[in-house]
Amino acid sequence: MESIFEQLSSNIKLLVYADDILVIAWGQDHTLIRSRLQEAMNTIHRWAVTTGFSLSPSKSQLLHVCRKYKHYSVPRLQINGTLIEEVNVAKILGVTVDRRLRFSAHARACRKALESTQNLFQIMGSRLIGGNRRSLMRIHQSLTIPKLFYGIGFISIGSEQFIRKLRPAYNSIVRSITGAFRTSPINSIYAESGMLPFEYLYVQQLTKCAILRQQRVTIEDSNKTLTIIQRANSQLRNLTNEQIPYIEPITRHGPRQWNAKTIKVDWKLKLKLRSGANSMQAIPLFTEHINREYSNHLHIYTDGSIADNRVGCGIWSSNIQKLMRLRPECSIFSAETYSILNAIKSVNDIDSPLVIFTDSASAITAVQNGSSKHPWIQSIETAGQFKNITLCWIPGHTGITGNELADHLANEARAMPSIAQGVPAQDAIRNLKHIIRQSWESVWTSHNQPFLRQIKCNTYAWNDRKQRQETRALCRLRIGHTRLTHSGLFLRNRELCDTCNTLLTVPHILLECRKYNSIRTTCEIQGDISEVLSNNEQRESKLIEYLKQTKLLHQL
């Protein structure tokens, strides 16, 4: 179908996916736009006839997108004399768009699609033995998230409206997963379960989409700012005061070609040396190995170092000493990889054989596999097609002189200014996830002292119990909202303890009520409320036993 792109004029945009064709024309004069579209449809029809395709007018639709409320009366389009239906709402590869470029219909479709998922969570959470919270969260990641954020690069045009309409459906699923009541404070539920609020999850998914889109931009177009990146940066700044760093572009999107020349890899020392080998074992074997295998090669040692968000790279040989500091978003894997790449670039002689000694088994494995999407791994593979290169694994911190000197340079590089270098997409995504989580945690800690703050000071997930009922009981106790203590909310009053005649609260049930003093002593329930409800397996087991003996477990 590539020949169809050569048939149309430059004022027509054509998008093709499988057998679907989307023809786009734009401008200020609606009559001129229709005439351009009609001419394009005639051209596409003639092309289809000559190439063996057939267009279906009954399956074709015309959507006039305009933010003005006036509806223009203009001639409809035709395919081979058959009129095309003009619609107010159209679905484009699963994303529903209306004529004013709003996504209310798409949000309604998402909510309807989530109804079956909500029912699934309710059934699994209440009836099935295997429906523990960890399993439900995995199902949530695989079913809910893709439905909610499908086509986020497009629907982010109407982000505020989209968030407002889908937040309730997301919150309902979160309550089903955790077992919390609909009257329980939603922010406490998020913090207790370790899940993100919908707004933060939305920005996380949008920035991930923007980063993956940016890494596909070619080097020639890298200075052009894509619209989705602008929207993602705007949302990210509003939420965290951060923005997406420059992303290193990748050179290919899939595995390397089957017939491409590959870099030689040497694992012989790894077969001879076990983990934790000392210098007396490693140095003689290494010396013997290089004398036997690489006496005629140029030797270069590389290493990476990371500490306190400072990432350094070191390269050492008899005539090369180089140190560089990368951006703080980069990982130790990227530091090791960038060191290897720069070691290759530092050798101008193409014909001389080169051996690079590194203690990064992960970097060597990634180069060997040939399926990595890391930009610097791909650059190493490309360089290996033009130079005689061998990557040799050596044990780190075993007294090998070259490795120790490269490690020293990498440590020194952490004190230098960062070089003007981009960030690999996987590192940027990992870092932005951490930034978004920290932003949510700062908002959570600024709330007006919810009950959960006495027990849990962060928003990261705690370990769950194996039994769903026990996890649900602990969740309700930690957020301070149980059926026993807050059922009176529906009757606009609060429950009182029938023994102590005081307000019935979670601390009173667990630590104060005279009715359960003997059982409390037997089960060793002692300390303050933060200790009793902490994420300690032994304390949790004692608390569950206390709830069973007091017959309160089923009343929570």
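Draft legend 1. Layout of the overall build of the protein. Summing up its helical and strand segments, the protein has 21 helices and 14 strands in all. Expected size for 556 residues packed as a compact globule is a radius of gyration near 24 Å; at 31 Å, the protein overshoots this value by more than 25%. For the protein, the proportion of its 556 residues judged to be buried stands at 47%. Sequence separation of at least 24 residues holds for 67% of the intrachain contacts in the protein that already meet a minimum separation of 6. Of the accessible surface of the protein, which amounts to about 29000 Å², a share of 49% is contributed by carbon and sulfur atoms.

Draft legend 2. Looking closely at the packing of aromatic side chains. As enumerated under the stated definition, the model contains 17 aromatic pairs in all. Measuring from ring centre to ring centre gives 5.8 Å for Tyr 200 and Trp 440, while their planes differ by 55°; the resulting arrangement is tilted. Taken together, the positions of Tyr 200 in helix 7 (residues 198-214) and Trp 440 in helix 15 (residues 425-445) put the pair 240 residues apart, joining distant regions of the chain. Between the aromatic rings of Tyr 338 and Trp 376, the centroid separation amounts to 4.7 Å while the plane-to-plane angle is 55°, which identifies the pairing as tilted. On the criterion of sequence distance, the pair formed by Tyr 338 in helix 11 (residues 332-345) and Trp 376 in helix 13 (residues 375-383) is long-range, its members being 38 residues apart. On the accessibility criterion, Tyr 338 (7% relative accessible area) is buried.

Draft legend 3. Representation of the side chain of Gln 38 in the model. Mapping Gln 38 onto the fold places it in helix 1 (residues 30-51). Here the side chain of Gln 38 touches Gln 78 through a polar contact of 2.8 Å, landing on its backbone nitrogen. Dropping the residues within four chain positions of it, Gln 38 is found in contact with Arg 76, Leu 77 and Gln 78.

Draft legend 4. Looking closely at the environment of Ile 419. For Ile 419, the position within the fold is in the loop between helix 14 (401-413) and helix 15. Ignoring sequence-local partners within four residues, the contact set of Ile 419 consists of Met 324, Arg 325, Leu 326 and Tyr 338.

Draft legend 5. Examining the environment of Cys 313 more closely. With respect to the helices and strands, Cys 313 occurs in strand 11 (residues 310-316). By relative accessible area, Cys 313 is classed as buried at 0%. The spatial distance from the C-alpha of Cys 313 to the C-alpha of Phe 198 is 38 Å, given a sequence separation of 115 residues. Apart from residues no more than four positions distant in its own chain, Cys 313 is found in contact with Asp 303, Lys 322, Leu 323, Met 324, Leu 326, Ala 335, Tyr 338, Ser 339, Leu 409, Ala 410 and Ala 413.

Draft legend 6. Structural detail: the sheet that holds strand 12 (residues 321-326). Read from one edge to the other, the open sheet built from six strands follows the order 9-14-13-10-11-12, with strand pairing classed as mixed. This sheet does not close on itself; its edge strands, each paired only once, are strand 9 (264-266) and strand 12. Within the sheet, the average angular offset between the axes of one strand and its neighbour, ignoring direction, is 20°. Bridge count between strand 10 (residues 298-307) and strand 11: seven bridges; the pairing is antiparallel. Bridging across to strand 11, Ile 306 finds its partner in Val 311. On top of the sheet, helix 14 reaches strand 10, strand 11 and strand 12; it is set at about 145° to strand 11, its chief contact.

How each quantity is defined
- Residues numbered from 1 in each chain as written.
- Predicted model: local features only at pLDDT ≥ 70, side-chain atom pairs only at ≥ 80, totals over all residues.
- Heavy atoms only, no water.
- Helix = DSSP H or I, 4+ residues; strand = E, 2+ residues; numbered from the N terminus.
- Rg over C-alpha atoms; globule rule 2.2 N^0.38 Å.
- Buried < 20%, exposed > 50% of the residue type's maximum accessible area, 1.4 Å probe, protein only.
- Contact = heavy atoms within 4.5 Å.
- Areas by Shrake-Rupley, 256 points an atom, 1.4 Å probe, with all protein chains shown as cover.
- Phe/Tyr/Trp six-rings, centres within 6.5 Å; stacked < 30°, edge-to-face > 60°.
- Polar contact = N/O pair within 3.5 Å; in protein donor to acceptor, adjacent residues only side chain to side chain.
- Pairing = 2+ DSSP bridges.
- Axes fitted to C-alpha atoms, helices over the stretch in contact; angles between N-to-C directions.

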